[in-house]
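Fold and contact review
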2 protein chains.
Amino acid sequence: MNPNLAEENYSAGKYRTPDGAPADIVIFTITSTERGTVKKSLPHRELQVLLIQRKGWPFAGQWALPGGFCKETETVYDCAKRELREETGVGEVHIEYFNVYSTPGRDPRGWIISHAFFALVHEQYLAGRQAADDAADVKLFSVEEALGMELAFDHKQILQDALDQVRRQMLTTIIAKEFLPEEFTISELYQVIRTLVPEFEEKNFIRKITSTQSRKGIIEEARDSRGERKVSNRYSQRAAQLYRFTGDVPQLSLYS
Amino acid sequence: MNPNLAEENYSAGKYRTPDGAPADIVIFTITSTERGTVKKSLPHRELQVLLIQRKGWPFAGQWALPGGFCKETETVYDCAKRELREETGVGEVHIEYFNVYSTPGRDPRGWIISHAFFALVHEQYLAGRQAADDAADVKLFSVEEALGMELAFDHKQILQDALDQVRRQMLTTIIAKEFLPEEFTISELYQVIRTLVPEFEEKNFIRKITSTQSRKGIIEEARDSRGERKVSNRYSQRAAQLYRFTGDVPQLSLYS
DNA sequence: TGAATAGTGTCTGTAAGACATTATAGC
DNA sequence: GCTATAATGTCTTACAGACACTATTCA
């Protein structure tokens, strides 16, 4: 369409306009549960997603992604952040736009174009929220379980797409840090990566990340105020070196 | 916002709805111009973008990205493909969604949320179109030039974002093939990459791409029906081996 | 024969990948 | 001393990076 025509069309009010532009948010967290052994050991980690049970029409009773309609005074990104804060009580978390959903008929309420975000949240933020808010209509599900359910609207597709996106980014960006404390051990990092990408298996993971030129700039040893290397024995008898992300990310390339 | 409230809000018609959801398309092409030497030589390549001169309000006379309003019977993706076909006459090209633009006030016509796509088109497709359509209101600009102009709406930002995106993808995906013939020489591939990412400089490019285990699966030698290796002397006295993309793309990873 | 591109030889240092081995400390 | 995790040693093969060199064809 020629923009000039578009304007005439718009000015004349000939065409239907959308009935709403919501933001829907796929809120992921990784829960850690201690394995019930006596001795210290690495926890079991699971990727979970926050869903909300709908009360009214449409899809009453079914579980859906949190979200809500944008106002004309905000960007869809602002809207998503607002919804996230209202839903989880947290403000400063990783939130990222990833796709738009506009298939005609996807929402029985009308012509509604949804903007999908994913957010990565530490489990402790959600744990607090869930305890405070005793409503049974907000709940964490394992992603596997959620994908097996009938979700409202096209939310199963949105969830699947978000998962694919986060999986891809787990290996090509440093989003792993969103699921980790500021300082973490190599094992924790490895566990987080494998929680998202089970097929990622690196026998010599510790070596690659700590002693190959091209990669060792990604993380650095954590040191205390006296410059001593910091260690942790959270998960092991033998204390493990703590690391932190430097913020540097090497440019990946197919061709070099 | 609780989806339930959202519904009530919607049902009650209390809130304003968007005035339109257009798709805007950043159509890139790479032009080749022969360097005016007598002998065969590699062409000069330049990244260009297709712009349209607006006729009416708003931004009359200014250059803008092609695009148009979505209908309620199509997805924004369908809309973008339709616009692209109307603008360039070509159907089967790489088109990809990359961001949404919703800053309040970005369009003086009202609350208009724009969905931005980029398309990668062979120059010959656009050349034909431009010859047929002698209108002076559709024109290819070098990206550099376009970014120096005052574009309508927030289209300069959209163009910049599209460029960043394509640059990133040039090194991490095989979109280079969208700018190349089915069968191409290593030099052509290298030129296309460098047209988008001038700082990409690999002295031993031919070796890396053809003889390192981890990368040589990306392209393969082109062979004719008798199994003979195909060569080209388009750009050189000495004939060069032709290659084709296999479709295989190794999974890039920060951690391995 | 010189210009322009295509492609190979060779060398050095470093990384990858596989496995075995040692280290630590709580039980 | 057994166990779970952390970390290092060692060896082979492969790749990266540099640079000189050869190959092809035509004007």
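Treat the numbers as computed from the prediction; the structure is a model and nothing was measured.

**Details of the overall build of chain A**
- A tally of regular secondary structure across chain A gives 7 helices and 11 strands.
- For chain A, buried positions account for 52% of its 256 residues.
- Surface summary for chain A: the accessible area is close to 12100 Å², and the carbon and sulfur share equals 46%.

**Some points on the protein's contact with DNA strand C**
- Residues in contact with DNA strand C amount to 23 residues; listed here are only the nearest, Lys208, Thr212, Gln213 and Arg215 of chain A together with Ser187 of chain B.
- Within the contact set of DNA strand C, a phosphate oxygen lies 2.8 Å away from a backbone nitrogen or oxygen of glutamine 241 of chain B.
- Elements with a contribution of two residues or more to the surface near DNA strand C: α7 (205–211) of chain A together with α7 (205–211) and β11 (240–245) of chain B.
- A breakdown of the residues in the surface near DNA strand C according to their chemical character gives 5 nonpolar, 8 polar and 10 charged.

**Examining the protein's contact with DNA strand D**
- Around DNA strand D, the surrounding shell holds 22 residues, and the nearest of these are Arg35, Ser187 and Arg207 of chain A together with Gln213 and Arg215 of chain B.
- Considering DNA strand D, the proportion of its atoms within 4 Å of the protein that are sugar or phosphate atoms stands at 66%.
- In the model, a phosphate oxygen of DNA strand D is placed 2.7 Å from a nitrogen or oxygen of the glutamine 241 of chain A main chain.
- Between arginine 215 of chain B and DNA strand D, the recorded distance is 2.4 Å, taken from a side-chain N or O atom to a phosphate oxygen.
- Sorting the residues of the surface near DNA strand D by element identifies α7 and β11 (240–245) of chain A together with α7 of chain B as the ones contributing at least two each.
- Here the surface near DNA strand D is built from residues that sort into 6 nonpolar, 8 polar and 8 charged.

**A few points about the pattern of salt bridges**
All names here are of chain A.
- Tallied over the entire structure, the rule returns 32 salt bridges over all chains.
- A salt bridge links aspartate 154 to arginine 106, with the nearest nitrogen and oxygen atoms 2.8 Å apart. One end of the pair, aspartate 154, is in the loop between α4 (143–148) and α5 (155–172); the other, arginine 106, is in the loop between β5 (94–101) and β6 (114–121), and 48 residues separate them in sequence. Taken as a pair, aspartate 154 and arginine 106 share a single burial class, namely buried.
- With a closest N to O distance of 3.8 Å, aspartate 224 and arginine 226 form a salt bridge.
- For aspartate 224, a relative accessible area of 26% corresponds to the partly exposed category.

**Looking at helix α2 (residues 76–88) of chain B**
Residues and elements named next belong to chain B.
- Compared with the 18 Å implied by 1.5 Å per residue over 13 residues, the 18 Å span of α2 between its first and last C-alpha is a close match.
- Residues of α2 that are buried: Val76, Cys79, Ala80, Arg82, Glu83, Leu84, Glu87 and Thr88.
- Immediately beyond the C-terminal end of α2, within one or two residues, lies glycine 89, with a positive phi of roughly 80°.

**Some details on the environment of tryptophan 111 of chain B**
Residues and elements named next belong to chain B.
- Secondary-structure assignment places tryptophan 111 in the loop between β5 (94–101) and β6 (114–121).
- Residue classification places tryptophan 111 among the buried residues on the basis of a relative accessible area of 5%.
- In this structure, the C-alpha to C-alpha distance between tryptophan 111 and proline 18, residues 93 residues apart in sequence, is 5.1 Å.

**A look at the relation of the copies chain B and chain A**
- Superposing chain B onto chain A takes a rotation of 180° combined with a translation of 0.0 Å along the rotation axis, leaving an RMSD of 0.1 Å. On the angle and the small slide along the axis, the relation comes out as a two-fold axis. Closest approach to the rotation axis among the C-alpha atoms of chain B is made by proline 18 of chain B, whose C-alpha sits 2.9 Å away.
- Taken as a fraction of all interface residues of chain B, those also at the interface in chain A reach 100%, which identifies the copy contact as same-surface.

**Comments concerning the nonpolar core**
- The biggest cluster of nonpolar side chains holds 95 residues, and the ones touching the most others in it are Phe28, Phe245 and Tyr255 of chain A together with Phe28, Phe245 and Tyr255 of chain B.
- Not counting chain neighbours up to four residues away, the residues in contact with phenylalanine 245 of chain A comprise Ile174, Ala176, Lys177, Leu180, Phe184, Leu189, Ile218 and Ile219 of chain A together with Tyr255 of chain B.
- If you look at the next biggest cluster of nonpolar residues, it comprises 48 residues, including Ile25, Val76, Val90 and Leu140 of chain B.

**As for α5 of chain A**
- Taking 1.5 Å as the rise per residue, α5 of chain A with 18 residues should run 26 Å; its terminal C-alpha atoms sit 26 Å apart, in good agreement.
- Every buried residue of α5 of chain A is accounted for by His155, Ile158, Leu159, Asp161, Ala162, Leu163, Val166, Gln169, Met170 and Leu171 of chain A.

**Notes on the packing of aromatic side chains**
- Under the counting rule described, the total for this entry stands at 21 aromatic pairs over all chains.
- On the numbers, 6.0 Å between centres and 45° between planes, the contact of phenylalanine 98 of chain A with phenylalanine 118 of chain A is tilted. Residue phenylalanine 98 of chain A is found in strand β5, and its partner phenylalanine 118 of chain A is found in strand β6; the two are separated by 20 residues along the sequence.
- Judged by its relative accessible area of 0%, phenylalanine 118 of chain A falls in the buried class.
- Grouped by ring-pair contacts, the aromatic residues Tyr77, Tyr97 and Phe117 of chain A together with Tyr77, Tyr97 and Phe117 of chain B constitute a single cluster.

**Side note on the domain arrangement of chain A**
Residue and element names in this part refer to chain A.
- As assigned here, chain A comprises domain 1 (22–172) and domain 2 (175–245).
- Centre-to-centre, using C-alpha coordinates, domain 1 lies 27 Å away from domain 2.
- The partner domain 2 presents 22 residues to the 21 residues of domain 1 that form the contact.
- Summed over both partners, the interface of domain 1 with domain 2 comes to about 2000 Å²; 67% of that surface belongs to carbon and sulfur atoms.
- Across the domain 1-domain 2 interface, the total number found is 1 salt bridge.
- The closest approach of N and O atoms between glutamate 188 and arginine 45, which form a salt bridge, is 3.9 Å.
- Where domain 1 packs against domain 2, one counts 4 residue pairs in polar contact (both at pLDDT 80 or more).
- For the side of domain 1 that touches domain 2, the elements supplying multiple residues, two or more each, are β1 (22–33), β2 (44–53), β6 and α5.
- Considering every element that reaches the side of domain 1 that touches domain 2, the biggest residue donor is α5, with 6 residues.
- Here the residues of the side of domain 1 that touches domain 2 sort into 11 nonpolar, 5 polar and 5 charged.

Definitions and cut-offs
- Residues numbered from 1 in each chain as written.
- Chains lettered and ligands numbered in written order.
- Predicted model: local features only at pLDDT ≥ 70, side-chain atom pairs only at ≥ 80, totals over all residues.
- Heavy atoms only, no water.
- Helix = DSSP H or I, 4+ residues; strand = E, 2+ residues; numbered from the N terminus.
- Buried < 20%, exposed > 50% of the residue type's maximum accessible area, 1.4 Å probe, protein only.
- Areas by Shrake-Rupley, 256 points an atom, 1.4 Å probe, with all protein chains shown as cover.
- Near = heavy atom within 4 Å.
- Polar contact = N/O pair within 3.5 Å; in protein donor to acceptor, adjacent residues only side chain to side chain.
- Nonpolar A, V, L, I, M, F, W, Y, C, P; charged D, E, K, R; others polar.
- Salt bridge = Lys/Arg side-chain N within 4 Å of Asp/Glu carboxyl O.
- Expected span 1.5 Å × (residues − 1).
- Least-squares fit on C-alpha atoms with pLDDT ≥ 70 in both.
- Contact = heavy atoms within 4.5 Å.
- Core = buried A, V, L, I, M, F, W, Y, C linked by side-chain atoms within 4.5 Å.
- Phe/Tyr/Trp six-rings, centres within 6.5 Å; stacked < 30°, edge-to-face > 60°.
- Domains from an automatic or database assignment.
- Buried area = accessible area lost by both parts, 1.4 Å probe.

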